[in-house]
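Listed here are the chains, written in short residue letters.
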Amino acid sequence: MRKIRLAELEQHIPDELMERAERLSIIELKLLDKNLFSARIVDDIPLEVEVQLYGQRIQAYTCECEEFAAHQICPHVVTTFLRLRADKRKKAEERQTARRQRAERKPQKFNIQNVLQQVEGDELKAFVREFARLDRQFALALKARFAGRIELADSFDKYFQLLQSAIRLEKNPKGNFRAGGFKRVQQIIEHTLHHAESALDQEDFAECWSALHALFEVLPLLERALDDDRVLPKVYEPAFQVLEKLCQRELAPQFENQLWLMLLDLAFETRVQRVGLLPYFRTQLQAMLYSQERKIALLDVVEEQLDESNASIQVEMQLWQINLLIEFGEEERLREVFLQLPPNPRLLDALIRDLRQHQHWQAARWLVEGSLAQSALSSAFRPILEDELLTICIQLGDAEQATELAKKRFLASRRFTYLDQLKAISGRKWSRQRKALLKTLRQQENTYAGQRLLGQIYLREEMYKELIQLLKQASSLELMLELDTPLHQEQPEAIAQLYQDVLQQFLEQHLGPPAASKIRQVIRHLYELEAGELARSLVHQLRKQYGWRQSLMEELNIFH
């Protein structure tokens, strides 16, 4: 019966056992460690039950009674299941109640009359009243300027009405902002933030939150009026900075808990996710994880969102879940998640980048290895993951696997970046690794590309004798022209003899102007390498040996 959900108890436990469990009562329930709970129950004698949960799932449980020892289940365990389920439902209902109260709150009017009643100066009040009646922009500016000094039964209403009025005033008949309208609304937002900061300085934390809360509640109005709502994260960034300062203060426990519940509710609303504010809420919520209960609650909500969220934020939710599991040290659960991830390149790329950024190298390794083990992974994305795994193994100091990966990637791509990595990883063992690698390359198909790759390795490793032997066996002018540069200084006699042999073999196999043109290209190449003596010697020999070939002599006549 392990790993069932608390909501499904009735489907797995016999009715008779449920009835016995409901007659018992728990005298003490406490959290021992992370998601491990302990309950004390008095039946005939006091008994202790332990239950380990993972969110809503039952992971493990035990009881001291003889019935549990015989059947691995007993009414004491079931009683504890029922109590834990009831507690979780109660917390969920608290969040729903907070959401409903916010929705049912009856707004109070915040208008110019209220402002003037609390500002001194009868004559000024009369003037301001008249002017505000004629100029709506002035009326709005007046309310924005003095909002922090106006007392209403609920401060949220005045800030919400202020922002709501500012947005409505700047919209055209189509519902979008008029020219310059959003800029003017931003000024009202700045006034609201100023009042929030002033309230924070005066330790009026409820007033501070009312202003911030109003800003979050007008988000749908701003989104509908904007042509491009991608600017909203930048607009709201200062509000989150004030929110962070507020949460760092010594708040009353009840107020702090209400704030946590409201932020938890706001963070997962569609409007927040749609405009890109979720990362800001994510940062703040994780900074408020002061208890194990909150950690479990947050992880539960995130995992619920993974099933319910639209595709546009699936990556963000997956990132959040994985980072929470890492933070809570849930390694076994983390590996399970990685094995169940779909082989989606966009998702995997985002997860790997996030794990690398936070230097969660071991978790990144589990993720990549789990993805590579999936047969559904596209062949085009597999080399990218192998590159990631190579980088991760280097960071973790796993020289053995990094060596194999670097060798595999070099042989598959023939990019020398991997050869350099292989050399760096091998250290003192490089000579042995190089020997094995060259043996593998020699056994592969004897193509021009393969010979060229071997020659390039010989050059990089200054293996000049092996290079000479390769060029001699290949007998290819193109290969010599590409690889011979250092040999003129390191192996002058060998390269001279090699040129004589290869040129002679070439001319015996090729006739006509194309062959003559190729010989001219070779001689010019030698002159460019300042191997003039060798070039003149070859010209002299060719004239003597092939003087009867007219096209060749015409090409050689340009050299003196």
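Attention here is on the structure that accompanies the text. (Residues numbered from 1 in each chain as written. Predicted model: local features only at pLDDT ≥ 70, side-chain atom pairs only at ≥ 80, totals over all residues. Heavy atoms only, no water.)

Examining helix α17 (residues 314-327)
Okay, so step 1: In a regular helix each residue adds 1.5 Å, so 14 residues correspond to 20 Å; α17 covers 20 Å between its end C-alpha atoms and thus fits that length.
Okay, so step 2: Within α17, 11 of the 14 residues are buried, leaving the element largely enclosed by the surrounding structure.
Okay, so step 3: Turning to α17, its buried residues are Val315, Glu316, Met317, Gln318, Leu319, Trp320, Gln321, Ile322, Asn323, Leu324 and Leu325.
Okay, so step 4: Two residues or fewer past α17, Gly329 is found with a positive phi of approximately 70°. (Helix = DSSP H or I, 4+ residues; strand = E, 2+ residues; numbered from the N terminus. Expected span 1.5 Å × (residues − 1). Buried < 20%, exposed > 50% of the residue type's maximum accessible area, 1.4 Å probe, protein only.)

Describing the state of the cysteines
Okay, so step 1: Under the definition given, this model contains 0 disulfides.
Okay, so step 2: With no disulfide of its own, Cys65 lies closest to Cys74 among cysteine sulfurs, the gap being 3.6 Å.
Okay, so step 3: Free of any disulfide, Cys247 has its nearest cysteine sulfur in Cys208, 9.0 Å distant.
Okay, so step 4: According to the relative accessible area criterion, Cys247 is buried, its value standing at 8%. (Disulfide = S-S within 2.5 Å.)

Regarding the pattern of salt bridges
Okay, so step 1: Tallied over the full model, the rule gives 32 salt bridges.
Okay, so step 2: Ionic pairing is found between Glu316 and Arg282, a salt bridge with its closest N-O pair at 3.1 Å. Residue Glu316 is found in helix α17, and its partner Arg282 is found in helix α15 (residues 278-287); the two are separated by 34 residues along the sequence. There is no split in this pair, since Glu316 and Arg282 are both buried.
Okay, so step 3: One salt bridge connects Arg520 with Glu555, and the closest N-O pair in it is separated by 2.5 Å. A residue pair is termed long-range when its members are at least 10 positions apart, and Arg520 in helix α30 (residues 513-528) and Glu555 in helix α32 (residues 550-556) qualify at 35 residues.
Okay, so step 4: Judged by relative accessible area, which is 22%, Arg520 ranks as partly exposed.
Okay, so step 5: Via salt bridges that share partners, Arg57, Glu303, Arg333 and Glu336 belong to a single interconnected network. (Salt bridge = Lys/Arg side-chain N within 4 Å of Asp/Glu carboxyl O.)

Just distances and angles here, no functional claims.
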